[in-house]
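Coordinate analysis (summary)
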Amino acid sequence: MKITKITKSRPTLLTRIASIVVAGMLVYAVVLLAGDASLEQRVVTSRFWGFALAGFFAFIIPHLLFPDKRIDWIQMLNLQPAALMLHQARKLFPLIALLYITYALLAYYDPGQWTIAIPEKTSLFAQGILIITAVAAYAFYRFVIIGLLSQEWHEGKRGKKLLQSLEAMGQSSAVPPGMIPSLTATSMIAAIGMLLVVFTAYLTAFEITVLSYLPGLILLTYSGVRLYNIRPVYDRYFYRGNAFYDELFRNPKAFKSEAREPIAYDAVYWVPHAWRHAVWACLRQLDRRLPMGRIMLLFIVFLWFLFWTDVSFNLISAWLVIIITAKNVASYILTTPQFAPLPFQFTIQSPAGWVLTRFFVNIRWTPAIILSLGVVAVFQGDVEFSMPLYWAAFDLIFSILTAFIITRLHEYQFQKRYV
Amino acid sequence: MSEILKTAHLSKRYGTGAYVLSGMDVTFEKGTATGLIGPNGSGKTTFIRLLSATAFPTEGHVTFQDFDIHQHPHLFLKHVGLAGDSNNLPAYLNAVELLEWILRSKKKYDKQAPGKISAMLDAVLLDERRENLLGTYSSGMMQKTLIAASLIAKPELILLDEPFRALDTESVNACIDLLETYKNQGGTIIISSHVKDTLDKLCSKYVEFPVLE
């Protein structure tokens, strides 16, 4: 069967820089973690990392797959089902490769003791990459087939009873009904991924190396067979899934009935007057596309969990780097054409104004992070009160740098693009 | 009448291609409406983009009051309302929020502002769907929003690129009435269209763009 390759979509310079910053911060966090860790600490960290990645994959995969930016091309070329599958799978490769690197660093980055415990480190690395490959394949399968179900929820063919009973209680679903199947799949993938880590850890205790790979191999084989089975009719799933997520992500119709009141202008009183209007409008838009409140809550709960389990400070530092990176990079979404059409941006304020606007958007959750560290400092004796201040400084610097780089690559490019 | 905007020897080419505009000298006076007419591809949109500082001239310059708009685009845009490409609006705000943002950004939001916004959207015949997000709008609704957005802060000058495309007759008439009122209050309009008849009710002067060779 002839498989037509399509030209890889060219990311903008801004996307490239944002990707490099995120990848760099992630690698830095892992190097920080692995630096002076013992083998036992590496094993524990690797499991925590597996937990975090299971949740991450469950969330990120549909965003990576749908809607496809090259849909017009794909339709014109009328790609065969197998080519469509390959095209979508290729979108995941850079992320998976990056995560392989993190597992390699976790296992082998051991300054001064490179040659110690090589078989154990190799086993740890192999388990890690098997787990993420299996979870990624499972998530890929689940989200590829979800289009029909989601559309039926979205258009009221399914879920009527649930929504009616919520309405009877004076409630509404916090998300558009069409997202409910995605949320269920997200929970399922995260739970299965975490169970996979647990089972792998459990079977490792038997000291029969092959046995520890069994859970990962089972999930990988299951997902592989499922994907192989839908391969001949993959176009059906692709176009339906793409149409649904296009409606959900790109066309904001799905968000028109809001479960919560959008942020009020007076709620951004903490922003100086000159930039308040733009911060307010940015937060309104961002909250509709990517409500960060719940994500931040989960981040902070996990941070407290790490403190409670008394893991190394390196692990906690790595997690804080991840939280701060995620929080700041979320504002990158505000530079995409749907949120920040360049000619319009220019009529609102100068590029310098946009730097400060993004800085204030970035620091929206800084007090929550500092407060959560302050709580830990109060209740945990070995945490110094200088820690929240140190991280506040780190966050402020990172926030202004991110704001500057993003704006430099967007609003400051106005003249260059339109000459 | 006093002049508000003036082009001098204005020329534009994209890359090393042929000139789209060449040596244009046009003066626009305060309180007037000028129509830019010509067939598709004759350079009307390029001219509007040059006048709105979304394109920069190859030669010549554009003066607003007493400064070159391409040297001070941000200062210039404080005085201007634009209605161009309908894709150039943020998709995750509704029409009311958009107009509120524009007024706040120009420090013109006061207690009367919600009433003004509502009246403006009524005037362009944007119905109750004004509370929906812009990303859900039809082409016609988006055009009405663009016209309302260009006028809400009562700028000194508005630049409209084919503003009536996708509008029904009733909406076109409503928008022309609104623009007429704006002009009578001292506003200056520069508006492009490939159909002259539509502009006759509004414009007293035309700049014609010939077919490019």
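First, a word on scope: everything that follows refers to the structure included in this document. These numbers come from a predicted model, not from an experiment.

In this section: the pairing of strand 2 (residues 19-29) of chain B. Residue and element names in this part refer to chain B. Across 7 bridges, strand 1 (residues 3-13) lies against strand 2 in antiparallel orientation. Its bridge partner lying in strand 2, Arg13 is registered against Tyr19. Taking the residues that link successive antiparallel strands as the turn, the strand 1-strand 2 hairpin has 5 residues, and the phi of Gly15 there is positive, at about 60°.

Attention shifts here to the sheet that holds strand 2 of chain B. Residue and element names in this part refer to chain B. The 4 strands are arranged 2-1-4-5 in an open sheet whose pairing can be described as antiparallel. Edge positions in the sheet fall to strand 2 and strand 5 (67-68), since each has one partner strand and no second. Along the sheet, helix 1 (residues 44-51) makes contact with strand 1, strand 2 and strand 4 (59-64), crossing strand 1 at roughly 120°.

This next bit is on helix 4 (residues 81-108) of chain A. One turn of the α-helix equals 3.6 residues, which is why residues spaced by three or four share an orientation. Residue and element names in this part refer to chain A. Over its 28 residues, helix 4 extends 40 Å from the first C-alpha to the last, a length consistent with the 40 Å expected when each residue adds 1.5 Å. The sharpest bend along helix 4 comes to roughly 35°, located at Phe93, with the proline Pro94 sitting one to four residues further on. Taken residue by residue, helix 4 has Ala83, Leu84, Met85, His87, Gln88, Leu99, Thr102, Tyr103, Leu106 and Ala107 as its buried positions.

The interface of chain A with chain B comprises 26 residues on the first partner and 22 residues on the second. Of all elements in the fold, only helix 11 (273-289), helix 14 (342-348) and helix 18 (414-418) of chain A reach the threshold of two or more residues within the side of chain A that touches chain B. Counting residues per element, the side of chain A that touches chain B draws most heavily on helix 11 of chain A, which supplies 7 residues. Tallied by class, residues from the side of chain A that touches chain B come to 13 nonpolar, 8 polar and 5 charged.

The rules behind each value
Residues numbered from 1 in each chain as written. Chains lettered and ligands numbered in written order. Predicted model: local features only at pLDDT ≥ 70, side-chain atom pairs only at ≥ 80, totals over all residues. Pairing = 2+ DSSP bridges. Helix = DSSP H or I, 4+ residues; strand = E, 2+ residues; numbered from the N terminus. Contact = placed C-beta atoms within 7 Å. Axes fitted to C-alpha atoms, helices over the stretch in contact; angles between N-to-C directions. Expected span 1.5 Å × (residues − 1). Bend = angle between axes of the 7 residues up to and from the residue. Buried ≥ 20, exposed ≤ 12 C-beta atoms within 10 Å, placed from the backbone. Nonpolar A, V, L, I, M, F, W, Y, C, P; charged D, E, K, R; others polar.

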